[in-house]
Structure formats: C-alpha cells, structure tokens
Amino acid sequence: MNVIPDWHAALAVAALVGTGALMTSGPLAVVGWLRAERHRFWNGVWHFIWSIALSAAIMAVCLLLHLGWLMTVLDCAVLWSLAWFLLPRERRARILHHPNIGQPPHPQPPMYPQPPYAQQQLHAQQYAGWPR
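Residues numbered from 1 in each chain as written. Predicted model: local features only at pLDDT ≥ 70, side-chain atom pairs only at ≥ 80, totals over all residues. Heavy atoms only, no water.

Our focus in this paragraph is the overall build of the protein chain. Of regular secondary structure, the protein chain possesses five helices and zero strands. Helices and strands in the protein chain line up, N terminus first, as α-α-α-α-α. When each of the 132 residues of the protein chain is scored for burial, the buried share is 22%. For the protein chain, long-range pairs separated by at least 24 residues make up 56% of all intrachain contacts whose partners lie at least 6 apart in sequence. (Helix = DSSP H or I, 4+ residues; strand = E, 2+ residues; numbered from the N terminus. Buried < 20%, exposed > 50% of the residue type's maximum accessible area, 1.4 Å probe, protein only. Contact = heavy atoms within 4.5 Å.)

This is how it looks when you write it as structure tokens:
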C-alpha cells in the first residue's frame, strides 16, 4: 500500500505556500515602496509581511476546499490584482496609456550646425539695446 506520510504532505503544502507567497509578495512590496511618502523601506517590508500572511490564508482556504494545484493560480490572481489596484493612480495611468510620460525628451542635435559667431551676435545685440 502506497500511503504518503503526513510529513511529506505537510512539506509539499509548505513548499506550495512558500513559493506562492514569495511570488505574490514581491509585487506588493514594490507597491508598498511606491505608495510611501516617508520610510519607503519599512512600508515595503510591511506590505511584504502582510501579503505573505494573506497569501497563506488564501492557500489555506483553497486547501480546505480541496482545490489542489489551483490554489497557486488563485493566490497569484488575487494578490497580483490587489497589487494592481493598490498601485498609485498616476503610475497606473503611466503604465496603461503612455510609458514615457514624465520623462524628459531626448535632445535632438541641430539639423545644421550654428556658426560660432551666431551666439556672439545675439549676445552683442542684447547688450547694444537692440531692438527697441
């Protein structure tokens, strides 16, 4: 008779909970860091800790419902969507609409190089009082 010992099952459940929690806690820790105005590191750690606890609770409920391997998929879906909705609104808009909003434009070289005296003429005209 091939009966799996209890400690094997417990080890398998711990491995599933651990990997699922770590996969989903990373994005939530980043969201915590982005949302913080002060103490970014500690806010990221706080989000990391509570997301591990929430992940373990989701997986425990899935185990009680006998969902098997589907629990990791449900855990990722729930916590990644939570991370998406906790992301600050301006970051979400930047991701959805235009990834380059807020970045300075790349400097374009002039099409025709300016002669060195062009700047001197403008400078001399400013100090000569021209135009009036």
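After that view of the structure, there is still more to cover.
Following the sequence through the fold, cysteine 62 ends up in helix α2 (residues 40-64). Along the chain, cysteine 62 and leucine 74 lie 12 residues apart, while their C-alpha atoms are 8.5 Å from each other. For cysteine 62, the residues in contact, after removing those within four places along its chain, are Leu67, Met71 and Leu74.

Attention now moves to helix α3 (residues 70-86). Along its 17 residues, α3 runs 24 Å from first to last C-alpha, staying within 8% of the 24 Å computed at 1.5 Å per residue. Among the residues making up α3, those that are buried are Met71, Thr72, Asp75, Cys76, Leu79 and Ala83. Taken end-on, α3 shows its buried residues confined to a sector of 130 degrees, consistent with a single buried face. Away from its buried face by more than 90 degrees, α3 exposes Val73 and Phe85. (Expected span 1.5 Å × (residues − 1). Arc of directions from axis to C-beta.)

Attention now moves to the packing of helix α1 (residues 6-35) against α2. α2 packs onto α1 with a crossing angle of 145 degrees between their chain directions and a minimal axis gap of 7 Å. Every pair of crossing elements has a handedness; the one defined by α1 and α2 is right-handed. Tallied by class, residues from the contact of α1 with α2 come to 16 nonpolar, 10 polar and two charged. (Axes fitted to C-alpha atoms, helices over the stretch in contact; angles between N-to-C directions. Left-handed = near helix turned anticlockwise from the far one by under 90°. Nonpolar A, V, L, I, M, F, W, Y, C, P; charged D, E, K, R; others polar.)

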